[in-house]
Amino acid sequence: MRRRDVITLASGATLAWLPFARAQQSSRKVWRLAFLNTDSWESEVQRALFEVFRDELRKLGYVDGKNLVIERRAAEGHYERLDQLANELIALRPDVVVAVATPAIAAARRATATTPIVMWGVGDAVALGFIKSLAHPGGNLTGVATMFSDTVGKSLELLHSILPAATRVAVLGRSNATHKRLFEEAEAAAKTLGLVTIPISAPSRDDLGQAFETMVQEKCDALFVLAGPIEPQIVLLAAGKKMPAIYQFSAYVDLGGLASYGASLALMGKQTAQYTAKIFQGAKPAELPVEQPVGFELALNLKTAAALGLSIPAAVIARADKVIE
């Protein structure tokens, strides 16, 4: 064998070995992931969504307890705790922070300008100042947008289809920077349907009871709940007041809510896991475009409709992606 051939073979073997060596080195690294949630880990909905996220990471080669450590913090619905929790997580020096919903994303951003942050469900990230543009985020944040402002009109059309006699609709907002714009979208859409919107604010969980009393005093026929961290108490209060309610998350319908239209949180969870893996693999948040949701769903709870004495039109049921009977 000629010397040149030997050198070529040796070089080829070295080049072939390098990716394997890097993969072996990468596989030995234990990645540290910080997960910041506005809700409670005791919530069945939150546990299910977290499992979707963790399962997707596992499929991508990142296994909790092996080459991945996940540090979790939850504000239990008390947004004032988010800054402290975010700072606690950053002190652990994570490789990536996953923040769920706008209040948690804002807290994570205040806590660090360098650690990569993956957003799981953000409203208008550009208007909020989180990123420069969807295509070129330009900083340490990227992730998945919600497009909830784009689905407000369809949500109110759904409400009008189910409750054609309703004229006064309460619009429930909480302590969320996106809710002002969402209410404006709701107000504009409602006018085209001949509906009057009544703004109802419940900044914290403790304010929800009074918010429903205000709805009764305002003689509201129905309720539209703006997108935000899932609060099971809203479903219980709506049932207690016999208030038909439309939501932007199907998780509320699973909890007993009447109907919903919006992006699939489960599919958004998978997208969030995929973005987390990309950053583990070396991608920079500044260069990863913020993605739109890949799936939307219309969900109905016929048991709740029956309890409210409502008959949902067959045409609406035929369009539904999820029906609870």
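Residues numbered from 1 in each chain as written. Predicted model: local features only at pLDDT ≥ 70, side-chain atom pairs only at ≥ 80, totals over all residues. Heavy atoms only, no water.

Enquirer: Got a minute to help me understand the environment of Pro-94 in this structure?
Expert: Summarising the element assignment, Pro-94 is placed in the loop between helix H3 (82–91) and strand E3 (96–100). According to the relative accessible area criterion, Pro-94 is buried, its value standing at 9%. C-alpha separation for the pair Pro-94 and Gly-123, spaced 29 residues apart in sequence, amounts to 25 Å. Setting aside its immediate chain neighbours within four residues, Pro-94 contacts Arg-32, Leu-33, Ala-34, Leu-89 and Thr-115. (Helix = DSSP H or I, 4+ residues; strand = E, 2+ residues; numbered from the N terminus. Buried < 20%, exposed > 50% of the residue type's maximum accessible area, 1.4 Å probe, protein only. Contact = heavy atoms within 4.5 Å.)

Enquirer: Would you explain the sheet that holds strand E11 (residues 296–301) in this entry?
Expert: Note: strands within a sheet are paired through backbone hydrogen bonds, in either parallel or antiparallel orientation. Strand order in this open sheet of seven strands is E7-E6-E8-E9-E10-E11-E12, and the pairing throughout is mixed. On the outer flanks of this sheet lie strand E7 (196–201) and strand E12 (322–324), each paired with one strand and no other. Within the sheet, the average angular offset between the axes of one strand and its neighbour, ignoring direction, is 20 degrees. Alignment of strand E10 (residues 259–263) against E11, held across five bridges, turns out to be antiparallel. Residue pairing across strands places Ala-259 opposite Leu-300, the latter belonging to E11. Seen against the sheet, helix H8 (residues 232–240) touches strand E6 (168–173), strand E8 (222–225) and strand E9 (245–247) and runs at an angle of roughly 160 degrees to E9. (Pairing = 2+ DSSP bridges. Axes fitted to C-alpha atoms, helices over the stretch in contact; angles between N-to-C directions.)

Enquirer: Any chance you could explain the pattern of salt bridges here in plain terms?
Expert: Side chains that differ in charge, positive against negative, can pair when their charged atoms come close. One pass over the full model with this rule turns up 14 salt bridges. Ionic pairing is found between Glu-71 and Arg-32, a salt bridge with its closest N-O pair at 3.2 Å. One end of the pair, Glu-71, is in strand E2 (residues 68–74); the other, Arg-32, is in strand E1 (residues 31–37), with 39 residues separating them in the sequence. With relative accessibility at 29%, the residue Arg-32 sits in the partly exposed group. In this structure, the salt-bridge partner of Lys-180 is Glu-184, at a minimum N-O distance of 2.8 Å. Here the residue Lys-180 and the residue Glu-184 both occupy positions in helix H6 (residues 179–192), the gap between them amounting to four residues, near one helical turn. Sharing partners across several salt bridges, the network here consists of Glu-51, Arg-54 and Asp-64. (Salt bridge = Lys/Arg side-chain N within 4 Å of Asp/Glu carboxyl O.)

Enquirer: Where do I start with the packing of aromatic side chains in this structure?
Expert: The geometry of two aromatic rings is summed up by the distance between their centres and the angle between their planes. Scanning the model with the defined rule gives 12 aromatic pairs in all. One aromatic cluster is present, formed by Phe-35, Trp-41, Phe-50, Phe-53 and Trp-120 through successive ring pairs. Directly above the ring of Trp-31 sits Lys-29, whose terminal nitrogen or CZ lies 4.6 Å from the centroid. Note that Arg-72 overlies the ring of Phe-50, its terminal NZ or CZ placed 4.5 Å from the centroid. (Phe/Tyr/Trp six-rings, centres within 6.5 Å; stacked < 30°, edge-to-face > 60°. Lys NZ or Arg CZ within 6 Å of the ring centre and 35° of its normal.)

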